Amino acid sequence: MSLKRLWELQELDLAIGALAERLAQSPFHREAEEAADNLVRVREALELAEQTFKEQHKRLRRGELDLETITAEYGGLHRRLYSGETKNVKELEQMEVKLRSVKQKQLTLEEKLLGLMESMEQQEELIGELTSQKDDADAEMHKRQQLLDEELARLGKELEKLEEQHRLLSAQIEPGRLQLYRDISERYQGRGVARVIDDICQGCRVSISSAQRGFLYNPQTLVYCENCGRLLVRFAEEKSSPGLVE
Ligand SMILES: [Zn+2]
């Protein structure tokens, strides 16, 4: 078995690691999250606006009942004052004062209810606006989620392909060599195998000694870089792209 397979395995492992990183770090995650957060915010604002409107409506109902009572009271007083049944001047004066005061109460309440109705109109506009914002946010959230799902499916498929290549390649490597690869890979953060190109170790960019150079022509010999300690692999450039199984 040529040591080149170990280097190819390392290329595959690096590609798998990079892809897994892309899966985890995809900006689609953040965008989907932001869209979901925005939907929650708009929903909360809408609920609050609807709650406020409900309370305003209750206040209006209560105010209208009060106004009915006051209007009836005013009507009664008015009738009594002008019916002629009371002749006492003092009493008539008191009734007039009372009538004015009830009239004032009625006007004040009417004013208040008008103001309340205006606020309710504005509140209804706000609810309409927030409802349309919520619909937009909802659509946006679904779009972002779909984009994320598509991205994850796409990267997931790529990852599966690489893992399948990894399985096939690993099956072609003897267990002892596989173990050696894993050990050295762990020691050098996934880059324990280094190619030698133009007599330079690609792991540390230092020229290899002439003694080592000789050993490298024997594919069965394990040669380690005297500078960085990586397992050296030497092979000529071929038509196949690096990292792919022929
Ligand atoms: Zn080296």
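Residues numbered from 1 in each chain as written. Predicted model: local features only at pLDDT ≥ 70, side-chain atom pairs only at ≥ 80, totals over all residues. Heavy atoms only, no water.

### Topic: the domain arrangement of the protein
In terms of domain boundaries, the protein breaks down into domain 1 (14-171) and domain 2 (174-233). Placing a centre on the C-alpha atoms of domain 1 and another on those of domain 2 gives a separation of 68 Å. (Domains from an automatic or database assignment.)

### Here's the deal with the packing of aromatic side chains
Per the stated rule, a full pass over the model turns up one aromatic pair. Note that Lys4 overlies the ring of Phe235, its terminal NZ or CZ placed 5.2 Å from the centroid. The ring of Tyr74 carries Lys103 above its face, with NZ or CZ at 4.8 Å from the centroid. (Phe/Tyr/Trp six-rings, centres within 6.5 Å; stacked < 30°, edge-to-face > 60°. Lys NZ or Arg CZ within 6 Å of the ring centre and 35° of its normal.)

### Remarks on the environment of Asp135
For Asp135, the position within the fold is in helix α3 (residues 89-171). The spacing of Asp135 and Leu39 is 96 residues in sequence and 8.8 Å in space, taken between C-alpha atoms. (Helix = DSSP H or I, 4+ residues; strand = E, 2+ residues; numbered from the N terminus.)

### Some points on unusual backbone geometry
A positive phi angle, close to 55°, is found at Asp198, a residue other than glycine. One can find Asp198 in the loop between β1 (193-197) and β2 (200-201). Of note, Asp199 is a non-glycine position whose phi angle comes to about 65°, a positive value. Relative to the helices and strands, Asp199 is located in the loop between β1 and β2.

### With respect to the pairing of β1
Among the five residues that make up β1, four are buried, leaving the element largely enclosed by the rest of the structure. Taken together, the two bridges between β1 and β2 define a ladder with antiparallel strand orientation. For Ile197, the partnering residue across the bridge sits in β2 and is Ile200. Taking the residues between adjacent antiparallel strands as the criterion, β1 and β2 are bridged by two residues, where Asp198 takes a positive phi near 55°. (Buried < 20%, exposed > 50% of the residue type's maximum accessible area, 1.4 Å probe, protein only. Pairing = 2+ DSSP bridges.)

### A look at the coordination of the zinc ion
Around a metal, the idealised angle for a tetrahedral arrangement of four donor atoms is 109.5 degrees; for an octahedral arrangement of six donor atoms it is 90 or 180 degrees. Protein coordination at the zinc ion: the donors are Cys201 (SG), Cys204 (SG), Cys225 (SG) and Cys228 (SG), at 2.3 Å from the metal. Given four donor atoms and angles of 105 to 114° at the metal, the environment of the zinc ion is assigned as tetrahedral. Within one chain, the residues donating to the zinc ion are spaced in sequence as C-x2-C-x20-C-x2-C. Note that Cys204 is positioned in the loop between β2 and α5 (210-216) and Cys225 in the loop between β3 (223-224) and β4 (231-233), a separation of 21 residues in sequence. (Donors = N, O, S within 2.8 Å, 3.2 Å for Na, K, Ca; no water. Tetrahedral: all angles 85-135°; square planar, octahedral: opposite > 155°, others 65-115°.)

### What to know about the packing of helix α1 (residues 4-25) against helix α4 (residues 175-187)
Relative orientation of the contacting elements α1 and α4 amounts to 50°, with a least axis distance of 11 Å. When the axis of α1 is compared with that of α4, the two are oblique. Crossing of α1 over α4 shows right-handed handedness. Note on element contacts: α4 touches α1 through Arg177, Leu178 and Tyr181, opposite Leu6, Leu9, Gln10 and Asp13. (Axes fitted to C-alpha atoms, helices over the stretch in contact; angles between N-to-C directions. Parallel < 35°, antiparallel > 145°, perpendicular 65-115°, else oblique. Left-handed = near helix turned anticlockwise from the far one by under 90°. Contact = heavy atoms within 4.5 Å.)

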